[in-house]
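# Architecture and fold: a report
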Amino acid sequence: MNFELTDDQRLLRDTVRDFLEAEVAPHVEHFEKAGTLPREILTRLWSELGLGGMVIPEEYGGIDLDAVGYCLVIEEMARVWAALSITVAVHNSVGAGPIVQFGNEAQKKKYLPKLATEWIGAFSLSEPVSGSDAAALRTTAVKDGSHYVLNGEKNWVTTGGFADTYVVMARTAPDKQKGISAFIIEKGTPGLSLTKTEEKMGLKASETRSLVFQDCRVPAENLLAEEGMGLKIALTLLNSGRFGVAAQSIGIARAALEASIKYARERETFGKPIGQHQAVGFMLADMHTKLEASRALAWRAAWLKSAGKPFAREASMAKLFASEASTFITHRAIQIHGGYGYVRDYPVERYYRDARVTEIYEGTSEIQRMVIATGLLKEAGA
Amino acid sequence: MDFSLTDDERLIQDTARQIAREVIRPRAAETDATSTFPHENVKQLAELGFMGMMVAEEFGGAGLSTMAYALAIEEISAACASTGVIMSVNNSLVCHPLEKFGTADQKARYLSKLATGEWLGAYCLSEPDTGSDAARQKTIAVKKGDRYVLNGTKNFITNGQVADLYVVYCMTDAAAGHRGISSFLVEAKTKGLERGAKEKTMGIRGSSTCQIILTDCEIPAENLLGTEGEGFKVALNTLDGGRIGIASQALGIGAACLHDSTRYANERHAFGEAIGQFQAIQWMIADMATELDAARLLTWQAACAKDAGRRYTMEASVAKAFASRMAVMNADRAVQVHGGYGYLQDYAVERYYRDAKVTEIYEGTTEIQKHIIATGLLKS
């Protein structure tokens, strides 16, 4: 048992932190207000730090970080700007990830070097009628000669607006579970249109779009793995995405705690800094404790994955706990800041809004609890 | 980073699990119902070296890591929380300060007896009027030639009625506040040391908790542990380690709650299916498991920091605060999953519920842990 980071991991974390603090942090409020995330920032992260290829093997131009390294990067990013962290996480884990894990050689050669250095990847599973019950999706893909023809509507597509590739789940057969297939679809494919841009509570700078497929013809060679593998691909990827959301939750929560400690030292009431009052000091203690627990759970799940061991339940625990802790911690941060926490002059107002979605996407808290409990009950026997 | 257990740690865990299952668990209900000190458990733990796990082998200890210790306490406490705290007090609160602050002579006289389980130790800091505010000791020790004379009353002393050696904190210089506190080694047979009646505790009923009353109790001056005025430092240093022990005890209780609840949820049927098929029950089980794992990792993180020789006060407080809360929550959920049966002494969860509560109180209340954490955060 050893909770220490290696020198390489520290270096990675510090490099990302320094870059973000110098180059990104000063502009976050501006971009959040404008609701935009300039592509140039991503391009720089890809070209200067290699962060477009976190899960891509070196032979395809990536930096092939292990899961712990991935968590460290996402935490640092979310601490500065949650919208950026989700954009980068989605690109890596479910944009490039499915091609890394399930793509054939031709698909890997064609897409991975571009995704590692220049392109942005998105993922499309949810539909207006299907979220947690992913297998209920209705978008169809019908084989027609050398193409598949897609029809249907997708929503909640993170980075939907400026992605270059979408990994899209569509139904190729009636079987609920085994009738789903995954396709790589390039931006600008005729029949693919971007529709609604969501107005969200938080993550304002991360664009969330709906997609409509209308007789959209996709080359058959863009089928990932085999027909019917779609749900397995989606669930495999979501498993590994989960500690990424945990890391994001941790980053937001850490920012909220840091801001609260600073404020609790500066702000005075009844003749002393508010941190000296137990009401506030104990909130800080609770926040720190939950943050530490979240990080330990996330790192354990990531370490298990890196070590090639089973990690699905642990990833669910990390995602469940860290996301709920993040909501709790950002809530307390507002409380400590009082009226100032409710106005946008202080960043905790944004942290509070940004944290909330972590309990929802990439598997709601309810889905995580279901995964954890059913597994345990099965093992327990009577 | 490495989240796997070493072979040695696994061996200790398996050994502890085996004695817990085969020897300790079968006696746990009886220990609780009769409020009897489990002498036989302690004897068998001593044979495994579990009464002085972290003590160096030259003093008769097992020379193991804090990590191994945490694993053992968890397994023992899952079977019987009373036995867990008896073990924790002897290891963390008595053997540890004696090994760290004791003179060669003190170690020769006492440490191997305690580490091998021939003797049992107890730790006397709290007083009737002094708990969390430990610096306000009213028990006094006055030097008289080559002896100290102790007067005062110590409260809530685990192992109190059966211990052979007591680590006792006294004021030697009342004007100096916490810098006027000293710690002493007092043998049970010393004239002037009297054991009070056994407390009627809600849980951990085998722990033999009582008052220790000192009336003109004379001890040799060489039984001063550390230097005069060093007592508060000894106490705090000791409690940091003790918190890992209690956090581990809480893990054991929390794990037992989860274990019993998953089984019951599969067995018990309602509305045509096993109650574990209902999300209401599944959610409780998922939360029990998640918080248990989080508590375990925090406890192990503190243990690893201690083993690495780093300061670990914050980590120990975080672990103790979180793990004790988890134990209380898990016990509450376990009783709820068991319904009416959970309220009966026929099921062990009734005992877990009573045992869990004390983990939020002793060896530093949750409020003291939060105070330590908040102070650390605001200073950093």
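Definitions and limits used
- Residues numbered from 1 in each chain as written.
- Chains lettered and ligands numbered in written order.
- Predicted model: local features only at pLDDT ≥ 70, side-chain atom pairs only at ≥ 80, totals over all residues.
- Heavy atoms only, no water.
- Helix = DSSP H or I, 4+ residues; strand = E, 2+ residues; numbered from the N terminus.
- Rg over C-alpha atoms; globule rule 2.2 N^0.38 Å.
- Buried < 20%, exposed > 50% of the residue type's maximum accessible area, 1.4 Å probe, protein only.
- Contact = heavy atoms within 4.5 Å.
- Areas by Shrake-Rupley, 256 points an atom, 1.4 Å probe, with all protein chains shown as cover.
- Lys, Arg positive; Asp, Glu negative; His and termini not counted.
- Charge placed at Lys NZ, Arg CZ, Asp CG, Glu CD.
- Domains from an automatic or database assignment.
- Buried area = accessible area lost by both parts, 1.4 Å probe.
- Polar contact = N/O pair within 3.5 Å; in protein donor to acceptor, adjacent residues only side chain to side chain.
- Nonpolar A, V, L, I, M, F, W, Y, C, P; charged D, E, K, R; others polar.
- Expected span 1.5 Å × (residues − 1).
- Bend = angle between axes of the 7 residues up to and from the residue.
- Salt bridge = Lys/Arg side-chain N within 4 Å of Asp/Glu carboxyl O.
- Arc of directions from axis to C-beta.
- Phe/Tyr/Trp six-rings, centres within 6.5 Å; stacked < 30°, edge-to-face > 60°.
- Lys NZ or Arg CZ within 6 Å of the ring centre and 35° of its normal.
- Core = buried A, V, L, I, M, F, W, Y, C linked by side-chain atoms within 4.5 Å.
- Pairing = 2+ DSSP bridges.

## As for the overall build of chain A
Scanning chain A for helices and strands turns up 11 helices and 10 strands. Relative to the compact-globule value of 21 Å for 382 residues, chain A shows a C-alpha radius of gyration of 21 Å, a close match. Residues classed as buried in chain A amount to 59% of the 382 residues present. Restricting to contacts in chain A with at least 6 residues of sequence separation, those with at least 24 account for 73%. Surface summary for chain A: the accessible area is close to 15,100 Å², and the carbon and sulfur share equals 52%. Chain A carries 44 positive and 47 negative side-chain charges, and their two centres are separated by 4 Å.

## Structural notes on the overall build of chain B
Across its full length, chain B carries 10 helices and 10 strands. The principal-axis extent of the C-alpha atoms belonging to chain B is close to 80 × 45 × 40 Å. Here chain B holds 380 residues, and 62% of them are scored as buried. Counting only contacts in chain B whose residues sit at least 6 apart along the sequence, the fraction spanning at least 24 positions is 73%. Carbon and sulfur atoms form 50% of the exposed surface of chain B, whose accessible area is close to 14,700 Å². The positive charge centre, built from 39 side chains, and the negative charge centre, built from 47, are 4 Å apart in chain B.

## Comments concerning the domain arrangement of chain B
Residue and element names in this part refer to chain B. Segmentation of chain B into domains returns domain 1 (7-120), domain 2 (122-229) and domain 3 (232-379). With centres defined by C-alpha atoms, the gap from domain 2 to domain 3 works out at 30 Å. At the interface, 14 residues of domain 2 touch 13 residues of domain 3. Both faces combined, the contact of domain 2 with domain 3 buries some 1,100 Å², and carbon together with sulfur accounts for 69% of it. Inspection of the domain 2/domain 3 interface yields two residue pairs in polar contact (both at pLDDT 80 or more). In terms of residue class, the side of domain 2 that touches domain 3 is made up of nine nonpolar, four polar and one charged.

## Some thoughts on helix 4 (residues 81-101) of chain B
Residues and elements named next belong to chain B. Its 21 residues place the ends of helix 4 29 Å apart at the C-alpha level, agreeing with the 30 Å of an ideal helix rising 1.5 Å per residue. Along its length, helix 4 reaches its greatest deviation from straightness, about 35°, at C95, and the proline P97 lies no more than four positions downstream. For helix 4, the buried fraction is high: 19 of the 21 residues fall into the buried class.

## Details of the pattern of salt bridges
Residue and element names in this part refer to chain B. Tallied over the entire structure, the rule returns 48 salt bridges over all chains. In this structure, R354 engages D32 in a salt bridge whose closest nitrogen and oxygen atoms are separated by 2.7 Å. With R354 in helix 9 (residues 348-357) and D32 in helix 1 (residues 7-34), this residue pair connects regions lying 322 residues apart in the sequence. Here R354 falls in the buried class, since its relative accessible area comes to 10%. The partner of E218 in a salt bridge is R147, and the shortest N-O contact between them spans 3.0 Å. Of the two residues, E218 is situated in strand 7 (residues 210-220) and R147 in strand 3 (residues 147-157); the sequence distance between them amounts to 71 residues. According to the relative accessible area criterion, E218 is partly exposed, its value standing at 28%. Taking relative accessible area as the criterion, R147 reaches 29% and is therefore assigned partly exposed.

## Some remarks on helix 3 (residues 39-49) of chain A
Residues and elements named next belong to chain A. Considered for burial, the residues of helix 3 that qualify are I41, L42, L45 and W46. Along the axis of helix 3, the buried positions cluster into a sector of 135°, meaning they face one direction only. Residues of helix 3 that are exposed and point over 90 degrees away from its buried face: E40 and S47. Residues of helix 3 that are buried make contact with helix 1 (7-24), helix 2 (28-34), helix 4 (67-80), helix 5 (82-102) and helix 6 (105-117). Of the residues trailing helix 3, G50 is marked for its positive phi of about 75°.

## Points about the interface of chain B and chain A
Contacts between the two partners involve 43 residues from chain B, matched on the other side by 38 residues from chain A. Here chain B meets chain A over a buried area of about 4,000 Å², counting both sides, of which 71% is carbon and sulfur. Inspection of the region where chain B meets chain A yields four salt bridges. Residues R369(A) and D287(B) are paired through a salt bridge, measuring 2.7 Å at the closest nitrogen-oxygen approach. Among the elements that make up the side of chain B that touches chain A, the one with the highest residue count is helix 7 (residues 279-307) of chain B (16 residues). A per-class count over the side of chain B that touches chain A returns 22 nonpolar, 10 polar and 11 charged.

## Focus on the packing of aromatic side chains
Enumeration over the complete set of coordinates arrives at 15 aromatic pairs over all chains. Between Y110(B) and W119(B), the ring centres sit 5.8 Å apart and the planes meet at 35°, which makes this aromatic pair tilted. The pair Y110(B) / W119(B) is uniform in exposure class, with both members buried. Put simply, the rings of F3(A), W303(A) and F3(B) touch in pairs and so form one group of aromatic residues. Stacked on the ring of F328(A), the Lys or Arg K290(A) has its end atom at 4.6 Å from the ring centre. Sitting over the ring of F101(B), K100(B) keeps its end group 5.8 Å from the ring centre.

## Looking at the environment of Y70(A)
Looking at the element boundaries, Y70(A) is found in helix 4. When residues no more than four places from it in sequence are discounted, the contact partners of Y70(A) are M54(A), L65(A), A89(A), N92(A), S93(A), F243(A) and G244(A).

## Here we look at the nonpolar core
In this structure, L45(A), W81(A), L84(A) and M169(A) are the most contacted members of the largest nonpolar core, which totals 206 residues. Here this core takes 19 residues from helix 7 (residues 230-266) of chain A, the largest share from any one element. Ignoring any residue separated from it by four or fewer positions in sequence, one finds L45(A) in contact with F19(A), L20(A), G50(A), L51(A), M77(A), L84(A) and V88(A). By size, the runner-up hydrophobic cluster in this structure holds 25 residues, among which are A16(B), A20(B), M54(B) and I86(B).

## What to know about the pairing of strand 3 of chain B
Residue and element names in this part refer to chain B. Pairing geometry for strand 2 (residues 140-144) and strand 3, over five bridges, is antiparallel. Note on strand 3: the bridge partner recorded for V142 is V149. Between strand 2 and strand 3, which follow one another and run antiparallel, lie two residues, and G145 among them has a positive phi close to 65°. The pairing of strand 3 with strand 7 spans eight bridges and is antiparallel.

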